[in-house]
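So you can see what is in the structure, the chains are spelled out below.
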Amino acid sequence: MSTSEMSRPPNAATAGTGYPATPDAGARLSKEPPEDTGPVAPPANDGGRSAESSGDVETIRPAHERRRRQVPRPLRRASGPVGALLLWWLLSATGVLSPDTLASPVRVFHKGWDLAADGQLGSAIRVSTQRVIEGFLIGAVAGTALALLAGLFRLGEDLIDSTVGMLRALPWVGLIPLFIVWFGIDEKPKIALVVIAVTFPLYFNIYAGIRGVDPQLVEAGTVLGLNRWGQIRHIVLPGALPGALVGLRYALGSAWLALVFAEQINASNGIGYLMNNAEQFFQTDVIVVCLVVYAVLGLVSDLIVRLCTKYLLSWRASFDGA
């Protein structure tokens, strides 16, 4: 820097130098403060955050804390069934629904209590649950094995996928006469029908989950030195787990649905047996009791899968709804 530049005053702007003129320190110090326009309004809340200010301190609260002040989710989830129950009771009390068409909730409750007291309902639930468990275990093993073979190997896909897709198009309820011919009229056709109902949902969801794994993750595993089994264990199977759990929920629902038809086959015990006897004597209260039991058992099964899903997929961030 030249001597002339060093001696230039800080507020002197020389033409042609390209340096802007700057106010000197005295001018800055003598500048009066801005006029007081009153308190400054806090910033408006943007979606998902709530603000509370106390003096000069402003607290930003996340959206999930604000949602806690609303009605609890269990109460909201129960509002639908409770509302339907109240509507049912109101229609029965006013005579819109006759007892021959549909028994009142009070009558259904008393009939369910009587069936539970004499042991018929408990025995029927135990037998039906045993059939579902046996059929579900066999179907789960078959569906999972077929999905792994078809999803992990191209040869398995060529041999299995088209065949399973063809069998899936068959109405499994229409297989009941064939199962009676093959297995007789004892427990085997009932369990076989549950097996068919469980196998297909598990197969298609697990197969889709395996084939939906990001290929870049597989490539990254190869770069890191994972062999074929390492890629399957650490990349493919964890990536297919969400789809498998969705298939599990569908499979359990289909198992209870298939049991309704399966227990029409010369059953001597079970929930379907109670329904058949009630149908012959036009006992709508017993029929509704059996339907409620089916619904509750299916709901409990779905709840168990939801808890397993929450535990097994705790590593995965997911959208919980707004």
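For every chain, the first residue of the written sequence is number 1, and numbering continues from 1 along that sequence. Given that this is a predicted model, residues contribute local features only at a pLDDT of at least 70 and side-chain atom pairs are listed and counted only at 80 or more, while totals for whole chains, interfaces and linings are drawn from all residues. Each side-chain value is derived from all of the structure's non-hydrogen atoms; neither hydrogens nor water enter the calculation.

**Comments concerning the packing of helix α9 (residues 187-211) against helix α11 (residues 228-262)**
Phase 1 of the analysis: Interhelical geometry of α9 versus α11 gives an angle of 160° and a closest axis separation of 7 Å. In terms of axis orientation, α9 runs roughly antiparallel to α11. In this structure, α9 crosses over α11, and the sense of that crossing is right-handed.
Phase 2 of the analysis: Three categories are distinguished: nonpolar for Ala, Val, Leu, Ile, Met, Phe, Trp, Tyr, Cys and Pro, charged for Asp, Glu, Lys and Arg, and polar for the others, with Gly belonging to the last. Looking at the contact of α9 with α11, its residues break down into 20 nonpolar, six polar and one charged. Angles run from 0 to 180 degrees between N-to-C directions of axes, and those axes are lines fitted to C-alpha atoms, restricted for helices to the stretch in contact. Segments assigned H or I by DSSP are reported as helices when at least four residues long, segments assigned E as strands when at least two residues long, and all are numbered from the N terminus. If an angle is under 35 degrees, it is roughly parallel; if it is over 145, roughly antiparallel; if it lies from 65 to 115, roughly perpendicular; otherwise it is oblique. Note on convention: near helix rotated counterclockwise from far helix by under a right angle means a left-handed crossing. Clockwise means right-handed.

**A look at the nonpolar core**
Phase 1 of the analysis: In this description, a nonpolar core means a group of buried Ala, Val, Leu, Ile, Met, Phe, Trp, Tyr and Cys residues linked to one another through side-chain atoms lying within 4.5 Å. Using a 1.4 Å probe on the protein chains alone, a residue whose accessible area is under 20% of its type maximum counts as buried, one over 50% counts as exposed, and one in between counts as partly exposed. Residues Leu 193, Val 198, Tyr 203 and Ile 271 are the most contacted members of the largest nonpolar core, which totals 54 residues.
Phase 2 of the analysis: Mapped onto this core, the elements with two or more residues apiece are α5 (105-117), α6 (120-152), α7 (154-168), α8 (176-183), α9, α11, α12 (271-280) and α13 (284-312).
Phase 3 of the analysis: When residues in this core are grouped by element, the largest group, 12 residues, is from α11.
Phase 4 of the analysis: Every residue in contact with Leu 193, bar those within four places of it in the chain, is listed here: Trp 172, Ile 176, Phe 179, Ala 258, Phe 261 and Ala 262. Contact between two residues is taken to exist if any of their heavy atoms lie within 4.5 Å; hydrogens are not considered.

**With respect to the pattern of salt bridges**
Phase 1 of the analysis: When a carboxyl oxygen of Asp or Glu is within 4 Å of a side-chain nitrogen of Lys or Arg, the pair counts as a salt bridge. Applying the stated criterion across every chain yields a total of five salt bridges.
Phase 2 of the analysis: A salt bridge links Arg 249 to Asp 302; the nearest nitrogen and oxygen atoms lie 2.8 Å apart. Of the two residues, Arg 249 sits in helix α11 while Asp 302 sits in helix α13, which places them 53 residues apart along the sequence.
Phase 3 of the analysis: What makes Arg 249 partly exposed here is its relative accessible area of 35%.
Phase 4 of the analysis: Each of the salt bridges in this network shares a partner with another, and the network as a whole consists of Arg 131, Glu 187 and Glu 263.

**Topic: the packing of α7 against α9**
Phase 1 of the analysis: α9 packs onto α7 with a crossing angle of 140° between their chain directions and a minimal axis gap of 11 Å. For the element pair α7 / α9, the angle class is oblique. Handedness of the crossing formed by α7 with α9: left-handed. Here Glu 157, Ile 160, Asp 161, Val 164, Gly 165, Leu 167 and Arg 168 of α7 lie close against α9, whose contacting residues are Phe 200, Tyr 203, Phe 204, Tyr 207 and Arg 211.
Phase 2 of the analysis: Considered class by class, the residues forming the contact of α7 with α9 number seven nonpolar, one polar and four charged.

**Observations concerning the packing of aromatic side chains**
Pairs of aromatic rings are described using the distance from one ring centre to the other and the angle between the two planes.
Phase 1 of the analysis: Working definition: a ring pair exists when centres of Phe, Tyr or Trp rings (six-membered ring for Trp) sit within 6.5 Å. Plane angles under 30 degrees give stacked, over 60 give edge-to-face, the rest tilted. What the rule picks out here adds up to six aromatic pairs.
Phase 2 of the analysis: With 5.8 Å between their ring centres and 50° between their planes, Phe 179 and Phe 183 make a pair best called tilted. You can see Phe 179 and its partner Phe 183 sitting in helix α8, four residues apart, about one turn around the helix.
Phase 3 of the analysis: Residue classification places Phe 183 among the partly exposed positions, given a relative accessible area of 34%.
Phase 4 of the analysis: Through pairs of rings, three or more aromatic residues link up here, namely Phe 179, Trp 182 and Phe 183.

**Looking at the side chain of Ser 128**
Phase 1 of the analysis: Mapped onto the secondary structure, Ser 128 falls in helix α6.
Phase 2 of the analysis: Pairs of N or O atoms within 3.5 Å make up the polar contacts considered here, provided that, within protein, one atom can donate a hydrogen while the other can accept it, and that residues adjacent in sequence are counted only when both atoms are side-chain atoms. Side-chain polar atoms of Ser 128 contact the side chain of Glu 263, separated by 2.6 Å.
Phase 3 of the analysis: With residues up to four places along the chain from it excluded, the contact list for Ser 128 reads Trp 256, Leu 259, Glu 263, Gly 270 and Ile 271.

**Comments concerning the environment of Ala 124**
Phase 1 of the analysis: Here Ala 124 is to be found in helix α6.
Phase 2 of the analysis: The class of Ala 124 is buried, set by a relative accessible area of 1%.
Phase 3 of the analysis: Taking the C-alpha atoms as reference, Ala 124 lies 5.0 Å from Ile 271; in sequence the two are 147 residues apart.

**Brief notes about a positive patch on the surface**
Phase 1 of the analysis: Patch membership is restricted to residues that have no salt bridge and whose relative accessible area is over 30%. Joining uses 9 Å for like charges and 5 Å for the nonpolar side chains Val, Leu, Ile, Met, Phe, Trp and Tyr. In these tables, accessible area is a Shrake-Rupley quantity obtained with a 1.4 Å probe, and a residue counts as shielded only by the protein chains included in the view. Neither His nor the chain ends contribute to the count of charged residues, in which Lys and Arg are positive and Asp and Glu negative. Charged groups are reduced to one reference atom each: NZ for lysine, CZ for arginine, CG for aspartic acid, CD for glutamic acid. Side chains of Arg 73, Arg 76, Arg 77 and Arg 306 sit close together on the surface and give a patch of like positive charge.
Phase 2 of the analysis: Ranked by residue count, the leading element in the positive patch is helix α4 (residues 73-93), at three residues.
Phase 3 of the analysis: Secondary-structure assignment places Arg 306 in helix α13.
Phase 4 of the analysis: The exposure class assigned to Arg 306 is partly exposed, which follows from its relative accessible area of 37%.

**Overview of the side chain of Thr 199**
Phase 1 of the analysis: Counting through the fold element by element, Thr 199 comes out in helix α9.
Phase 2 of the analysis: A distance of 2.7 Å separates a polar atom in the side chain of Thr 199 from the backbone oxygen of Val 195.
Phase 3 of the analysis: Those residues in contact with Thr 199 that lie beyond four places of it in its chain are Gly 139, Ala 142 and Gly 143.

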